[in-house]
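# Close look at the chain arrangement
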Amino acid sequence: MNSGLYAVALFGHSLPGLLLLTLGQSVVVVCVCFDMVRAVSVPRSRRRYVANTVFRTLALPSILCMSLVVLVHAASGAWEQVAAGVFVLVAVIFRWHHDTDEDSWWTGKGKALGRWLRKSLPAPRAVASAAV
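Let me begin by describing the structure that accompanies this report. (Residues numbered from 1 in each chain as written. Predicted model: local features only at pLDDT ≥ 70, side-chain atom pairs only at ≥ 80, totals over all residues. Heavy atoms only, no water.)

### What about the pattern of salt bridges?
In the structure shown here, the tally under the stated rule is two salt bridges. Residue D35 pairs with R38 through a salt bridge whose shortest N-O separation is 2.7 Å. With a gap of three residues between them, D35 and R38 both fall in helix α2 (residues 15–40), about one helical turn apart. With relative accessibility at 9%, the residue D35 sits in the buried group. (Salt bridge = Lys/Arg side-chain N within 4 Å of Asp/Glu carboxyl O. Helix = DSSP H or I, 4+ residues; strand = E, 2+ residues; numbered from the N terminus. Buried < 20%, exposed > 50% of the residue type's maximum accessible area, 1.4 Å probe, protein only.)

In structure tokens:
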């Protein structure tokens, strides 16, 4: 086994690693639960709005946490858990990517945050080229 993979497997089975992986999997469970609430809620209702906002907020951290969990299990050689983790990872990515919904706090916030960021950061200075 590669020494880097051995270190990942060793960290994944230590107490701090197990605590971090458990916290990450808790985020994934909360994300999937809010996705299920979103799926069964009436469109344009407050319940769907809140569920979709929480799902959209936790989707990216869930993907990152699940990727780390899959990496640790792959380094450990637990192939059944790798398969289950990849299934959950693909399901969350699929739901995040294909179920675009208008009932979310994040709708239109990307452009608004980009405008605020451009306005708050100083403009880049143009560097004059050296005359030869």
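### Focus: the environment of V28
Relative to the assigned elements, V28 resides in helix α2. On the accessibility criterion, V28 (5% relative accessible area) is buried. Among residues more than four places away in sequence, those in contact with V28 are S62, C65, M66 and V88. (Contact = heavy atoms within 4.5 Å.)

### Looking at unusual backbone geometry
What you tend to see is this: most non-glycine residues have negative phi, and most peptide bonds are trans. The backbone phi angle of R44 is positive, close to 65°, even though this residue is not glycine. Overall, the relative accessible area of 64% leaves R44 in the exposed class.

### Some points on the nonpolar core
Judged by nonpolar contacts, L21, V28, I63, M66, V69, V72, L89 and V92 together constitute the single largest core of eight residues. Broken down by secondary-structure element, the contributors of at least two residues to this core are α2, α3 (46–76) and α4 (79–98). Take this core: its biggest share by element is four residues, from α3. (Core = buried A, V, L, I, M, F, W, Y, C linked by side-chain atoms within 4.5 Å.)

### Details of α4
Its 20 residues give α4 an end-to-end C-alpha distance of 28 Å, which sits within 8% of 28 Å, the value for a rise of 1.5 Å per residue. Taken together, the buried positions of α4 are V82, G85, L89 and V92. Burial along α4 is one-sided: seen end-on, the buried residues are contained in an arc of 100°. Exposed and oriented more than 90 degrees from the buried face of α4 are W79, E80, F87 and V90. Buried positions along α4 lie against α2 and α3. (Expected span 1.5 Å × (residues − 1). Arc of directions from axis to C-beta.)

### Examining a nonpolar patch on the surface
A cluster of nonpolar side chains, namely Y49, V50, W105, W106 and L113, defines an oily patch on the protein surface of about 440 Å² accessible area. Note on placement: W105 falls in the loop between α4 and α5 (109–120). (Patch = residues over 30% accessible without salt bridge, like charges linked within 9 Å, V, L, I, M, F, W, Y side chains within 5 Å. Areas by Shrake-Rupley, 256 points an atom, 1.4 Å probe, with all protein chains shown as cover.)

### Some remarks on the packing of helix α1 (residues 3–12) against α3
Relative orientation of the contacting elements α1 and α3 amounts to 110°, with a least axis distance of 8 Å. The angle between α1 and α3 places the two elements in the roughly perpendicular class. In this structure, α1 meets α3 at a crossing whose hand is left-handed. On the side of α1, the interface is formed by L5, V8, A9 and G12, while α3 contributes L71, V72, A75 and S76. Looking at side-chain class alone, the contact of α1 with α3 contains six nonpolar, two polar and no charged residues. (Axes fitted to C-alpha atoms, helices over the stretch in contact; angles between N-to-C directions. Parallel < 35°, antiparallel > 145°, perpendicular 65-115°, else oblique. Left-handed = near helix turned anticlockwise from the far one by under 90°. Nonpolar A, V, L, I, M, F, W, Y, C, P; charged D, E, K, R; others polar.)

### As for α3
Its 31 residues place the ends of α3 43 Å apart at the C-alpha level, agreeing with the 45 Å of an ideal helix rising 1.5 Å per residue. Its axis deflected by about 40° at A59, α3 carries its strongest bend there, up to four residues before the proline P61. G77 sits one or two residues past α3 and shows a positive phi near 90°. (Bend = angle between axes of the 7 residues up to and from the residue.)

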